[in-house]
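Residue-level structure breakdown
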Amino acid sequence: MSKFKEAFKELEQDLQLSKNEWVRLDAKRKLLTEQLEEKLNALDQFYDTKDTYEKARVLLQQSAEYAREQAKQQIESLVTNALQFIFGPLFEFQIEIEEQGNKPVAEFYVVSDYEGIKVKTKPQEARGGGVVDIVTLALRVALIETTQPKMEGPILLDEPGKHVSGEYVLYLYEFLKSISTMFNRQIIMITHNQHLAQSGDRAYYVDIRDGISEVNRTDNA
């Protein structure tokens, strides 16, 4: 009988070890799943940003020389205004167009002034991810306003300024409001940022309960 007890005890110990191992592996699986989701979201944002840059390049490349220069100045001005509105006067957006194989090729740069020294970098290499967010946002608005025939309708934004630091969020939603007023366009956005959500004339909070989305209007008065 004692042999059965010992065997049973060994089985219980093996079972507990297996449970502990399962808990460890399950925790690791959850962590890897979360990391994978973060990387996929970052990849989606990268492709979204790349797509915006490519559309701006195509617009500049396909325009006639005079129209290209006009579009270039308008885009530079709008993106520069966005950067300066949010981050201060030491930022500037520049577009350089070169002929490569009888084809105009546009490159985008953010110029920063550090104690009198001009530093020119690609937007994705500029200070912090917030700069990329603002450049991409302003480029989208510029494309909507300069593309012919002009596109009508609201501006749809998904997590605008996702990487913009909290200290600049106030300026971001003031910029969005000014864009809405300037171009007479409604802005519809999805955001997890409470400050941005509160900046809208009308806001809705979406909560998921038991797999069902519940939509409730919030009071921004």
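Residues numbered from 1 in each chain as written. Predicted model: local features only at pLDDT ≥ 70, side-chain atom pairs only at ≥ 80, totals over all residues. Heavy atoms only, no water.

**Quick word on the overall build of the protein chain**
- Across its full length, the protein chain carries 5 helices and 7 strands.
- When the helices and strands of the protein chain are listed from N to C terminus, the series reads α-α-β-β-β-α-β-α-β-α-β-β.
- Here the protein chain has a C-alpha radius of gyration of 26 Å; the compact-globule value for 221 residues is 17 Å, and the former is much larger.
- Projecting the C-alpha coordinates of the protein chain onto the three principal axes gives extents of approximately 100 × 50 × 40 Å. (Helix = DSSP H or I, 4+ residues; strand = E, 2+ residues; numbered from the N terminus. Rg over C-alpha atoms; globule rule 2.2 N^0.38 Å.)

**Observations regarding helix H2 (residues 65-87)**
- End to end, H2 covers 32 Å across 23 residues, agreeing with the expected 33 Å (1.5 Å per residue, within 8%).
- Among the residues of H2, those classed as buried are Arg68, Ala71, Lys72, Ile75, Glu76, Leu78, Val79, Thr80, Ala82, Leu83, Ile86 and Phe87.
- Residue Gly88 follows H2 closely and has a positive phi angle near 110°. (Expected span 1.5 Å × (residues − 1). Buried < 20%, exposed > 50% of the residue type's maximum accessible area, 1.4 Å probe, protein only.)

**Considerations on the pattern of salt bridges**
- Enumeration over the complete set of coordinates arrives at 11 salt bridges.
- Linking Lys120 and Glu96 is a salt bridge whose minimum nitrogen-to-oxygen distance equals 2.6 Å. One end of the pair, Lys120, is in strand E3 (residues 117-121); the other, Glu96, is in strand E1 (residues 91-99), with 24 residues separating them in the sequence.
- For Glu96, a relative accessible area of 27% puts it in the partly exposed group.
- Taking the shortest distance from any N to any O, the salt bridge between Asp113 and Lys118 comes out at 3.8 Å. (Salt bridge = Lys/Arg side-chain N within 4 Å of Asp/Glu carboxyl O.)

**Focus: the pairing of strand E5 (residues 187-190)**
- Pairing between strand E4 (residues 155-158) and E5: 4 bridges, direction parallel. The residue of E5 that forms the bridge with Leu156 is Ile188.
- A crossover connection joins E4 to the parallel E5 through helix H4 (residues 166-183); in handedness this β-α-β unit is right-handed. (Pairing = 2+ DSSP bridges. Right-handed = clockwise from strand over helix to strand, strands pointing away.)

**Some points on the layout of surface pockets**
- Here the largest pocket is characterised by a volume of approximately 940 Å³.
- Considering the residues around the largest pocket, the lining is formed by 29 residues, among which Met189, Ala197, Arg202, Ala203 and Tyr204 are closest to the centre.
- Looking at the lining of the largest pocket, the elements with two or more residues in it are H4, E5, helix H5 (194-199) and strand E6 (203-209).
- Classifying every residue of the lining of the largest pocket gives 12 nonpolar, 12 polar and 5 charged.
- Considering only enclosed or pocket space, the second largest pocket measures out at about 500 Å³ in volume.
- Secondary-structure elements contributing two or more residues to the lining of the second largest pocket are helix H1 (2-62), helix H3 (128-146) and E4.
- Per-element tally for the lining of the second largest pocket: the top contributor is H1, with 8 residues.
- Residues of the lining of the second largest pocket, tallied by class, amount to 5 nonpolar, 6 polar and 9 charged. (1 Å grid on protein atoms, 1.4 Å probe; cavity = no way out; pocket = protein on both sides within 12 Å on 5 of 7 lines; lining within 4 Å. Points joined across faces, edges and corners; volume = space filled by probe spheres on them. Nonpolar A, V, L, I, M, F, W, Y, C, P; charged D, E, K, R; others polar.)

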